[in-house]
Amino acid sequence: MEHEKLPVSPAGGPIPYLGPGGMVELLHALEGRGYALTHDGPHVIGAGRDGEEITLEPGLQMELSAPPLATAVACRDLLRRHIGELSTLAEPLGMRFIAGGFRPFGRLDDIPWLPKRRYDIMRVYLPRQGSLGHDMMKRTATVQVNLDFYDEADAAAKMRTAMGITSIVTAMWAASPITEGRANGHKSYRAAVWLDMDDSRCGLLPAAFEPGFGFAAYAEWAADVPMFFLARGGQYLPLDGLTFRRFMREGYQGEKATMGDWELHLSTLFPEVRLKKTIELRGADAGPLPFIEGLAALWRGLLDDPEACAAAYALVDGRSFAERLALRREVPRAGLGARLGNRPIAELAVELCTIARAGLLRLPGGAADAPLLDPIAAYARAGRCPADDMLDDFAGAAGDPVRLAERWRLTV
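The text that follows walks through the structure, step by step, so that each part is easy to find. Residue positions are given per chain, counted from 1 along the sequence in the order it is written. Residues qualify for local features only when their pLDDT is at least 70, as the model is predicted, and side-chain atom pairs are given and counted only at 80 or more; totals for whole chains, interfaces and linings, by contrast, use all residues. Excluded from the side-chain calculation are hydrogens and water; included are all heavy atoms of the structure.

### A few points about the environment of T243
Threshold: Here a strand is any run of E in DSSP of at least two residues, a helix any run of H or I of at least four, and the numbering for each starts at the N terminus. In what follows, a contact means two residues having at least one pair of non-hydrogen atoms within 4.5 Å.
Of note, T243 is situated in the loop between β12 (235-238) and α8 (244-250). Distance from T243 to D304, taken between C-alpha atoms, is 34 Å for residues 61 residues apart in sequence. Ignoring anything within four residues of it in the chain, the contact list for T243 reads A223, D224, V225, P226 and M227.

Here it is in structure tokens:
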């Protein structure tokens, strides 16, 4: 699992990178817990311990990248330990972490940038492709599940199903209805931001729904995506629109393409389902703890069991790519109120939970994972998502950021 969280002051404001109560001070506190600090040039950007990697994102979101684990319960236990340890260290610094897919308070320009070289290039490139590139980098937060695959056929089946249902999962996990202290009219503003990003590297892939989809089709797509940069000698060189295919064919300023360049390029692609050494499922807002914990159970139950994988795709099979794109565009605002054809996706969400539970019960250790789906299924049956609770909280607190920062605080 990978889990991003938003650091805020008690009044909901942004946290500095340096200085008292800043993110570097928190990372040094982790160093006292056995973590080794990681750097980008002279700048501290993260820490690692026993296969766990903690990194800072462009707007100082803090991300946990967990080591490979066998069950959703194992992910839950690690996440709870991580959040508990982090909260213990952050509290004396006047810092807390809140649950949500988009920073609810503060202006974009008030959020400091992480001094990381690759982000220096991305912050210039992305706004040329869409108006919300800096919002994506600095204010969004997600929770992500990465699954292994047995072989190419298994990977293709999992990716097809995941691409088919990812918008439903986005609606179920929607948790970003507040922006700059006001309701923004969306259930997942994080997902809305991604609609205004670089279309060449984001969204759904038509090839995933075509016969014969596999590794070659993904590689052909990736080869035609413009590169952000080239890493040489510790420096990042902006390429500004050169596709990887052209780089392989022509080179760049005397440099020839390497496998390392390809691996770096793959990490700069942002489809809703991304293929690297694992299948990365990227469509969910970070949100309250039961939803963070339940995401691994849902995706494991739906994709790791072949019968469940086929049943989940059957719910969305036969739809045109235009219909799939229309759903992706409707979900950020409507959440579970969106429709796929003539079917409300709230109904499909309930069916996905049922399929996932049955899939888990056929997997090793899955019976222990299955209860993690209970709160997810209850919300789906009610047609609600975490954003609905956040809007209720916002109204009850009259928008007071101090009360809301406490209310939405991540605790175990």
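### Description of the packing of aromatic side chains
Quick note on the threshold: Aromatic pairing here means that ring centres of Phe, Tyr or Trp (its six-membered ring) are within 6.5 Å. Orientation follows from the plane angle: under 30 degrees is stacked, over 60 is edge-to-face, and everything else is tilted. Burial status follows relative accessibility: with a 1.4 Å probe on protein chains alone, a residue under 20% of its type maximum counts as buried, one over 50% as exposed, and anything between as partly exposed. Whether a charge sits over a ring comes down to the Lys NZ or Arg CZ being within 6 Å of the ring centre and within 35 degrees of the ring normal.
Tallied over the entire structure, the rule returns 14 aromatic pairs. Consider the rings of F102 and Y189, whose centres lie 4.9 Å apart with planes at 85°: the pair is edge-to-face. Taken together, the positions of F102 in the loop between β6 (96-98) and α3 (117-125) and Y189 in helix α6 (residues 189-195) put the pair 87 residues apart, joining distant regions of the chain. Per residue, the accessibility class of F102 equals that of Y189, and both read buried. Between the aromatic rings of F228 and F229, the centroid separation amounts to 5.9 Å while the plane-to-plane angle is 40°, which identifies the pairing as tilted. As far as burial versus exposure is concerned, F228 and F229 are alike and both buried. Joined through ring pairs, the aromatic side chains of Y125, W194, F228, F229, Y236 and F270 make up one cluster. Above the face of the F209 ring, R324 is positioned so that its terminal group lies 4.1 Å from the ring centre.

### Things to note about unusual backbone geometry
One non-glycine residue, D50, adopts positive backbone phi at about 50°. With respect to the element layout, D50 can be found in the loop between β3 (43-49) and β4 (52-56). According to the relative accessible area criterion, D50 is exposed, its value standing at 72%. Not every positive phi belongs to a glycine, and L60 is a case in point at roughly 70°. Following the sequence through the fold, L60 ends up in the loop between β4 and β5 (62-65).

### Description of the side chain of D154
Note the cut-off: By the criterion applied in these results, polar contacts are pairs of N or O atoms within 3.5 Å in which, for protein atoms, one can donate a hydrogen and the other can accept it, and in which residues neighboring in sequence qualify only through two side-chain atoms.
By the element assignment, D154 lies in helix α5 (residues 152-172). Judged by its relative accessible area of 16%, D154 falls in the buried class. Engagement of the side chain of D154 in a polar contact is seen with the backbone nitrogen of Y150, the distance being 2.9 Å.

### Description of the packing of α5 against helix α11 (residues 306-314)
Filter applied, for reference: Here an axis means a line fitted to C-alpha atoms, over the contact stretch when the element is a helix, while the angle between two N-to-C directions is reported on a 0 to 180 degree scale. Left-handed describes a crossing whose near helix is turned anticlockwise from the far helix through less than a right angle; right-handed describes the clockwise counterpart.
Taken N-terminus to C-terminus, the directions of α5 and α11 make an angle of 35°; their axes are 9 Å apart at the nearest point. As for how α5 packs across α11, the hand of that crossing is left-handed. The residues of α11 that touch α5, namely those facing A157, K158, R160, T161 and I165, are C309, A312 and Y313.

### Quick word on the environment of D196
The topology assignment puts D196 in the loop between α6 and β10 (202-203). With relative accessibility at 26%, the residue D196 sits in the partly exposed group. Apart from residues lying up to four places away in sequence, D196 is in contact with G130, S131 and L132. At a separation of 3.2 Å, a polar atom in the side chain of D196 contacts the main-chain amide nitrogen of L132.

### Digging into the packing of α11 against helix α13 (residues 345-361)
What counts, and what does not: Between 65 and 115 degrees an angle is taken as roughly perpendicular, under 35 as roughly parallel, over 145 as roughly antiparallel, and anywhere else as oblique.
Here α11 crosses α13 at 170°, and the two axes come no closer than 8 Å. With respect to their mutual orientation, α11 and α13 come out roughly antiparallel. Contacts from A308, A311 and A312 of α11 reach α13 at L352, I355 and G359.

### Here's the deal with the environment of T170
By the element assignment, T170 lies in helix α5. Discounting chain neighbours no more than four positions away, the residues touching T170 are S188, R190, A191, E272, G283 and V331.

### Some points on the pairing of β5
The condition is simple: By this definition, two strands are paired if DSSP reports at least two bridges between them.
Burial along β5 is two-sided: M62 and L64 and E63 and S65, pointing in opposite directions, are all buried. The pairing of β4 with β5 spans 4 bridges and is antiparallel. Across the sheet, residue I54 finds its bridge partner in β5, namely L64. The hairpin turn running from β4 into β5, its antiparallel successor, is 5 residues long, and L60 in that turn takes a positive phi close to 70°.

Honestly, that's just the spatial picture; any functional story needs more than this.
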